Amino acid sequence: MKAIIIGAGMGGMSAAIALRQIGIETAVYERVTENKPVGAAISVWSNGVKCLNYLGLEEQTAKLGGIVETMSYLDAHTGDTMCRFSMQPLIDEVGQRPYPIARAELQMMLMEAYGLDEIHFGHRMVSVADGPDAATATFADGTTATADFIIGADGAGSLTREYVLGAPVTRRYAGYVNFNGLVETDDTIGPATEWTTYVGDGKRVSVMPVAGGRFYFFFDVVEEEGLPYEKGSAREVLRTHFAGWAPGVQALIDRLDPMSTNRVEILDLDPFYTWVKGRVAVLGDAAHNTTPDIGQGGCSAMEDAVALQWAFKDRPGDAHAALTTYQQARAERAADLVLRARKRCDVTHAKDPEKTEEWYDELRNEDGTNIIRGIVGNIMGGPVTPVS
Ligand SMILES: Cc1cc2nc3c(=O)[nH]c(=O)nc-3n(C[C@H](O)[C@H](O)[C@H](O)COP(=O)(O)OP(=O)(O)OC[C@H]3O[C@@H](n4cnc5c(N)ncnc54)[C@H](O)[C@@H]3O)c2cc1C
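Just so you know, these numbers come straight off a predicted model, no measurement behind them.

Caption draft 1: Structural context of the overall build of the protein. A count of helical and extended segments in the protein gives 12 helices and 17 strands. Projecting the C-alpha coordinates of the protein onto the three principal axes gives extents of approximately 65 × 45 × 40 Å. Per-residue burial for the protein yields a buried fraction of 48% across its 388 residues. Taking all contacts inside the protein whose residues are at least 6 apart in sequence as the whole, residues at least 24 apart take part in 76%.

Caption draft 2: Region of the structure containing the nonpolar core. Counting 118 residues, the largest nonpolar core has Ala15, Ile150, Ile151, Leu283 and Leu308 as the members making the most contacts within it. Here this core gets 10 residues from one element, more than from any other, and that element is helix H10 (residues 319-348). Not counting chain neighbours up to four residues away, the residues in contact with Leu308 comprise Ala15, Ala18, Leu19, Leu283 and Tyr326.

Caption draft 3: The arrangement of the sheet that holds strand S9 (residues 144-147) in detail. One open sheet accounts for 3 strands, arranged S7-S8-S9; its pairing is antiparallel. Two strands in the sheet have a free side with no partner beyond their single neighbour: strand S7 (125-130) and S9. Each adjacent strand pair in this sheet contributes to an overall mean axis angle of 15°, direction not counted. Bridge analysis of S7 against strand S8 (residues 135-139) gives 5 bridges, and the strand direction is antiparallel. Bridge assignment links Ser127 to a residue of S8, and that residue is Thr138.

Caption draft 4: Molecular detail of the site of the ligand. Taken together, 34 residues sit near the ligand, with Gly7, Gly9, Gly155, Gly284 and Gly297 positioned nearest. Those elements that place two or more of their residues in the shell around the ligand are helix H1 (10-21), strand S3 (41-44), strand S11 (172-184) and helix H9 (297-314). Here the element with the most residues in the shell around the ligand is H9; it accounts for 4 residues. Looking at the shell around the ligand, its residues break down into 14 nonpolar, 15 polar and 5 charged.

Caption draft 5: Fine view of the UniProt feature "domain: FAD-binding" (unreviewed entry) in the protein. The feature "domain: FAD-binding" (unreviewed entry), as given by UniProt, occupies residues 2-339 in the numbering adopted here. Counted over residues 2-339, helix gives 33% and strand 29%. Its end C-alpha atoms are 34 Å apart.

Caption draft 6: Focus on the sheet that holds strand S15 (residues 262-268). In spatial order, the strands read S5-S4-S12-S13-S14-S11-S15; together these 7 strands make up an open sheet with mixed pairing. Strands with a single pairing partner mark the edges of an open sheet, and in this sheet they are strand S5 (81-86) and S15. Each strand axis lies, on average, 20° off the axis of its neighbour in the sheet, ignoring direction. Examined bridge by bridge, strand S4 (residues 70-75) and strand S12 (residues 194-200) share 6 bridges and lie parallel to one another. Each residue of the ladder has a partner; that of Tyr73, found in S12, is Thr197.

Caption draft 7: The arrangement of the environment of Ile253 in detail. Residue placement: Ile253 occurs in helix H8 (residues 247-255). Apart from the residues lying within four places of it in its own chain, the contact partners of Ile253 are Arg235, Leu238, Arg239 and Phe242.

Caption draft 8: Geometry of helix H5 (residues 103-114). Helix length check: H5, at 12 residues, gives a terminal C-alpha distance of 17 Å against a target of 16 Å (1.5 Å per residue), a fit within 8%. Among the residues making up H5, those that are buried are Arg103, Leu106, Leu110, Met111 and Tyr114. Taken down its axis, H5 places every buried residue within 130° of arc, on the same side.

Caption draft 9: Region of interest: the packing of helix H2 (residues 46-54) against H9. H9 packs onto H2 with a crossing angle of 40° between their chain directions and a minimal axis gap of 8 Å. Here H9 runs oblique to H2, going by the angle between their axes. Classified by chirality, the crossing of H9 by H2 is left-handed. Across the interface between the two elements, Asn47, Gly48, Cys51, Leu52 and Tyr54 of H2 pack against Gly298, Cys299, Met302, Glu303, Ala305 and Val306 of H9. The class makeup of the residues in the contact of H2 with H9 is 7 nonpolar, 3 polar and 1 charged.

Caption draft 10: Region of interest: the environment of Ile22. Note on placement: Ile22 falls in the loop between H1 and strand S2 (25-29). Classification of Ile22 by C-beta neighbours within 10 Å gives partly exposed; the count is 13. When the C-alpha positions of Ile22 and Trp310 are compared, they lie 9.2 Å apart, and in sequence the two are 288 residues distant. Residue contacts for Ile22: discarding those within four places in its chain leaves Gln309, Phe312 and Lys313.

Scoring rules and cut-offs
- Residues numbered from 1 in each chain as written.
- Predicted model: local features only at pLDDT ≥ 70, side-chain atom pairs only at ≥ 80, totals over all residues.
- Helix = DSSP H or I, 4+ residues; strand = E, 2+ residues; numbered from the N terminus.
- Buried ≥ 20, exposed ≤ 12 C-beta atoms within 10 Å, placed from the backbone.
- Contact = placed C-beta atoms within 7 Å.
- Core = buried A, V, L, I, M, F, W, Y, C linked by C-beta atoms within 7 Å.
- Pairing = 2+ DSSP bridges.
- Axes fitted to C-alpha atoms, helices over the stretch in contact; angles between N-to-C directions.
- Near = placed C-beta within 6 Å.
- Nonpolar A, V, L, I, M, F, W, Y, C, P; charged D, E, K, R; others polar.
- UniProt positions renumbered as here; feature names shortened; annotations may be inferred.
- Expected span 1.5 Å × (residues − 1).
- Arc of directions from axis to C-beta.
- Parallel < 35°, antiparallel > 145°, perpendicular 65-115°, else oblique.
- Left-handed = near helix turned anticlockwise from the far one by under 90°.

Written out as structure tokens, the structure is:
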């Protein structure tokens, strides 16, 4: 069996490693000419970490991961603690510590595990086609590649998805912009082993540790889509949006590097359940594009990779049957995560301000039980975290 994987993001690389683990020949094609991930870091929740462990990356993942001992919510303006609690009950319940990891490092870990030199960089797929005996990808330079099946891990703007669904789809603006980056840990912003989140006015500011004494930070700002933004102006923009917020937030704005701070408009996609057309299938953001509000987009891509491997283990030598099995294993679960994230997004960003005020009140009375229950609900339900 031979597989072509389009896209060398975390979904494509995880899939390539997973398929190779069971003896399927793989070829990965990536449009960019070098590894330059957009975004600073992601939280790899326990389900994602378990997938990486399954792919043989337990030690490397643990080395890159930040240690989050506690989680807290602070009042935006006063900086007073609304709640603070240990992550240990979550780790005990799901059997794995989550790890926030710098994006570039996660990406490099996956690429090196697969073999950096083996990835075909600079290959932009311009069309994909299914045939009776094989599937074929055509690249911008006119070359083609053929295999028993093609996995389109080509991200949120996926061309493969357009082929599988027979039409382009329109993504939905989720109503907010996310500024993110990395800074050195600093007690004036938050404790070095805590995931600290300041909330108020339908906005949020968060820091969590990644390896190397750094915080991954992000700011969520509700604003309309498509506003102009000048690279390097993050400090001025954030000072305006967060005027009057607590000293920890001001310290973060002072410390961040405006040039390397990313600004991302957040979009998602209504769930869809057809992921396969003949010998061609979608995986990762190409199949389920979510807002980052529960930190599950990348984790879900890793779950896809494990489920894809299991489908080919169950149906060896039969690409059609295996891809159908893969779709059945994944589509509902991934859709559930997209919809959960959407719900959280609306509460966090004050779509209905009354509900958001209720949430702030809940946070002031929270001992961690409800929040951990919610996170465990997201983590459980994938291939390596079955619900018993
Ligand atoms: C602000 C933000 C925060 C997030 N935080 C988290 C988090 O905390 N936890 C989490 O789990 N997830 C998080 N996510 C989601 C996560 O980043 C994505 O789900 C994940 O990157 C998806 O991986 P992927 O491989 O499917 O797609 P991508 O990472 O987008 O990779 C797709 C790859 O395909 C390539 N490609 C595209 N088209 C072609 C083509 N035609 N030919 C060849 N190559 C092509 C692209 O260049 C790219 O390298 C966050 C997302 C955002 C925006």
